[in-house]
Amino acid sequence: MLLAIDSSTQTIGIALFDGSQVVGEIVWQTKNHHTVELSPAIDELMKKCGINYSQLKGLAIASGPGSFTSLRIGYAIIKGLALSLHIPAISVPTLDVLVAAQPLRDIPLFAILQAGRNRYAVGKYLPQPKQWKLDGEIVVKKIDELATSVDSPTLLCGEILSEDSNYLLRNNKNFIITAPVQSLRRPSYLAYLAWKRLKSGKFDDIRLLAPTYIHVNNPNL
């Protein structure tokens, strides 16, 4: 059994996965209450699913980018469980979790997260034979910069304000914005990606496990 935690932003998600099915999953919006909400939610999910902590064989954490405080809270819980239970922990980039839910297309995909101050963390992914692959580094852009960054049909998924979505559609017809249900980060995908690494023995060193924070830069995508 693997427990996955995504506390990257105000959207929090936790999931239990046994390798063949999602045993339980919770996703909710918080108002910066990660500290008081996350641990009780994990306990409640474990209880509802009839799982004891001793049954966990691995842990997964969304590594960011994301909010400094929210990421640190998730990491503190994962590290504490890994050390106390003597089980491996695996980190997965937050945008990879979002992208894993998107069907492959023959056009680029932008995955985004809100980065505060009317900015977005943006990752550009290109289709490969079996999966999307990140092209370059994750960058931070304002919505007007994002609107001018493509000149051919491009998918866009992730956390985007409704007014910013409307702005993109008005100012660049090349953007194809996914439905809200496709833009929700599902912790079950985080669990699935981490499970594959768990089975291959590719663990992270718990002593070196650290979040990826947003660095402000402005290269061309």
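Residues numbered from 1 in each chain as written. Predicted model: local features only at pLDDT ≥ 70, side-chain atom pairs only at ≥ 80, totals over all residues. Heavy atoms only, no water.

**Describing the overall build of the chain**
- What the chain contains, in helices and strands, is six helices and eleven strands.
- Once the C-alpha set of the chain is aligned to its principal axes, its extents read approximately 55 × 40 × 30 Å.
- Each of the 221 residues in the chain was classed as buried or not, and the buried ones make up 48%.
- Long-range pairs, those at least 24 residues apart, make up 64% of the contacts in the chain between residues at least 6 apart in sequence.
- For the chain, the computed accessible surface area is about 11100 Å², with 51% contributed by carbon and sulfur atoms.
- Once the 23 positive and 18 negative side-chain charges of the chain are each reduced to a mean point, those two points are 3 Å apart. (Helix = DSSP H or I, 4+ residues; strand = E, 2+ residues; numbered from the N terminus. Buried < 20%, exposed > 50% of the residue type's maximum accessible area, 1.4 Å probe, protein only. Contact = heavy atoms within 4.5 Å. Areas by Shrake-Rupley, 256 points an atom, 1.4 Å probe, with all protein chains shown as cover. Lys, Arg positive; Asp, Glu negative; His and termini not counted. Charge placed at Lys NZ, Arg CZ, Asp CG, Glu CD.)

**Some thoughts on the sheet that holds strand β2 (residues 11-17)**
- Taking strand neighbours across the sheet as the criterion, the five strands line up as β3-β2-β1-β4-β5 in an open arrangement whose pairing is mixed. The sheet is open, and its two edges are formed by β3 (22-29) and β5 (89-92), each paired on a single side. Mean inter-strand twist for the sheet, computed between neighbouring axes without regard to direction, equals 15°.
- Running over the sheet, helix α2 (residues 68-85) touches β1 (2-6), β4 (58-62) and β5 and is turned about 170° from β4.
- Against the sheet, helix α6 (residues 187-200) contacts β1, β2, β3, β4 and β5, and its axis sits at roughly 130° relative to β1. (Pairing = 2+ DSSP bridges. Axes fitted to C-alpha atoms, helices over the stretch in contact; angles between N-to-C directions.)

**Side note on the environment of V140**
- Its place among the elements puts V140 in strand β9 (residues 139-142).
- By relative accessible area, which is 4% here, V140 ends up buried.
- In this structure the C-alpha to C-alpha distance between V140 and G24, which are 116 residues apart in sequence, comes to 33 Å.

**Comments concerning the pairing of strand β7 (residues 119-127)**
- Along β7, seven of the nine residues are buried, which leaves the element largely enclosed by surrounding structure.
- In this sheet, β7 lies alongside strand β6 (residues 109-116) in antiparallel orientation, the contact comprising seven bridges. By the bridge assignment, I112 is partnered in β7 with V122.
- In this antiparallel pair of consecutive strands, β6 and β7, the connection spans two residues, and R117 shows a positive phi of 55°.
- Pairing analysis gives four bridges linking β7 to β9, with the strands arranged antiparallel. Across the sheet, the residue bridging to R119 is K142, located in β9.

The analysis is restricted to geometry; functional conclusions fall outside its scope.
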